[in-house]
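Structural overview
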Amino acid sequence: MDEPDELTSLEVYNTVWPHDAVTIDAVHSFRDSAQDYVDYLVREDGVILGTGVGAIFAYRARRVVTLITVLAGQRRRGAGTALYEAISRWARERGAGELEVSVSGNDPESLSFALRRGFTVERRQVGLVLSLAGISPPRVQPPAGIEIVTWAQRPELARGMYEVDVEAHPDIPGFEDVAFEPFEDWMAHHMQRPTDSPEATFIALADEEVVGFAKLSLTAPAAAGHSMTAVKRAWRGRGIARALKATEISWALANGYTELHTSNEERNAPIKRLNARLGYRPGIGRIHLVGPSLPDSLR
């Protein structure tokens, strides 16, 4: 896909997902972190109907993460089915028989489209929004013995963050069985993207041991997203996660951001309670479904 089509694809996505709009840098981050990637546009008589993205990641190499987006006024004209067929063909060529699709929590039509094609719900992400307008920076109070620094201040702590993520990520509901990337790949795909910033990545230290970290993803000019908050199991329940998130909120306020976004898997009770205490309010979430790529015999 050339640059004009890429920008058109982004415009379609942001039109359908205005509550989760992203920049072209965020698109490039997503693409570059994938092992393989494809982006389709559907046109009819020169009119854009929709777009479809397929991506294969190292953590689940037999699955294609799929996003099919059709403009509201162009639905029921076959664009969604055509995109499903095209991504299925692409997936089969790469030995992937399973697709993961996400639909907006306020889009029952798209949910029905997936369910009718044999997809089942794997997990539900509850969307949350914190408006920063008029609020004061929250108090940052790490527990005794914990120091919070930025990655920019301590670049040598990258491997310590990796070790935290390796331990914490399988505890996220829906990610229990994922394969973890080697350190160098993790750095490239999760820490050094255009939307990442060492100044917006915060590390909790206990006597020079990295026991937790949190990072913001700078996906839009005025809004940032909580990309990850992770604490080693032995250090949980002490207030480290709260101190890290309060630090992120203070940084966002100081740097002119007006909103912070996050999402929690609905079964992740501890982080849901923490976000509620910090003032996050319900937004629009995502429903992730898993189903088959369309076999050749049915296309």
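Residues numbered from 1 in each chain as written. Predicted model: local features only at pLDDT ≥ 70, side-chain atom pairs only at ≥ 80, totals over all residues. Heavy atoms only, no water.

**Comments concerning the pattern of salt bridges**
Charged atoms that come close allow side chains of opposite charge to pair. Scanning the model with the defined rule gives 23 salt bridges in all. As a salt-bridge pair, arginine 31 and aspartate 32 come within 3.0 Å of each other at their nearest N and O atoms. Using a relative accessible area of 29% as the deciding quantity, one classes arginine 31 as partly exposed. Note on aspartate 32: relative accessible area 45%, which makes it partly exposed. Of the charged contacts, one joins arginine 233 and aspartate 171 as a salt bridge, the two residues approaching to 2.9 Å between their closest N and O atoms. Pair noted here: arginine 233 is in the loop between strand E9 (223–231) and helix H7 (240–254) and aspartate 171 is in the loop between helix H5 (158–168) and helix H6 (183–191), with a separation of 62 residues, a long-range link. By relative accessible area, which is 44% here, arginine 233 ends up partly exposed. Overall, aspartate 171 belongs to the partly exposed group, its relative accessible area being 35%. (Salt bridge = Lys/Arg side-chain N within 4 Å of Asp/Glu carboxyl O. Buried < 20%, exposed > 50% of the residue type's maximum accessible area, 1.4 Å probe, protein only. Helix = DSSP H or I, 4+ residues; strand = E, 2+ residues; numbered from the N terminus.)

**As for the pairing of strand E7 (residues 201–206)**
Most of E7 sits out of view: six of its six residues are buried. Side chains Thr201, Ile203 and Leu205 project from E7 onto one buried face, and the interleaved Phe202, Ala204 and Ala206 project onto a second face that is buried too. The pairing of E7 with strand E8 (residues 209–217) spans six bridges and is antiparallel. From the neighbouring strand, isoleucine 203 faces E8, where its bridge partner is phenylalanine 213. Between E7 and E8, which follow one another and run antiparallel, lie two residues, and aspartate 207 among them has a positive phi close to 50°. (Pairing = 2+ DSSP bridges.)

**So, the packing of H7 against helix H8 (residues 269–277)**
At a minimum axis distance of 11 Å, the contact between H7 and H8 shows a crossing angle of 45°. For the element pair H7 / H8, the angle class is oblique. For the element pair H7 and H8, the recorded crossing hand is right-handed. Every residue of H8 that contacts H7 at Ala241, Arg242 and Lys245 is listed here: Ile271, Leu274 and Asn275. (Axes fitted to C-alpha atoms, helices over the stretch in contact; angles between N-to-C directions. Parallel < 35°, antiparallel > 145°, perpendicular 65-115°, else oblique. Left-handed = near helix turned anticlockwise from the far one by under 90°. Contact = heavy atoms within 4.5 Å.)

**So, the side chain of arginine 193**
Along the chain, the position of arginine 193 falls in the loop between H6 and E7. With residues near it in sequence (within four places) discarded, arginine 193 still touches Ser29, Ala188, Lys215 and Ser227.

**A few points about helix H1 (residues 3–16)**
Each turn of an α-helix holds 3.6 residues, which means side chains three or four residues apart point in the same direction. With 14 residues, H1 should reach 20 Å at 1.5 Å per residue; the first-to-last C-alpha distance of 20 Å fits that figure. Buried residues belonging to H1 abut helix H2 (24–32), strand E1 (36–44), strand E2 (47–57), strand E3 (60–70) and strand E12 (286–292). Where H1 begins, the side chain of aspartate 2 points an oxygen toward the backbone nitrogen of aspartate 5, at a separation of 3.0 Å. (Expected span 1.5 Å × (residues − 1). Polar contact = N/O pair within 3.5 Å; in protein donor to acceptor, adjacent residues only side chain to side chain.)

**Topic: the environment of isoleucine 284**
Note that isoleucine 284 resides in the loop between strand E11 (281–282) and E12. Setting aside anything within four residues of it in sequence, one finds isoleucine 284 in contact with His19, Ser104, Gly105, Asn106 and Gly127.

**Here's the deal with the pairing of strand E5 (residues 120–131)**
In this structure, E5 lies alongside E12, joined through five bridges in antiparallel fashion. Residue pairing for E12: valine 121 is matched across the bridge by leucine 289. The pairing of E5 with strand E10 (residues 259–265) spans seven bridges and is antiparallel. Bridge assignment links glycine 127 to a residue of E10, and that residue is serine 263.

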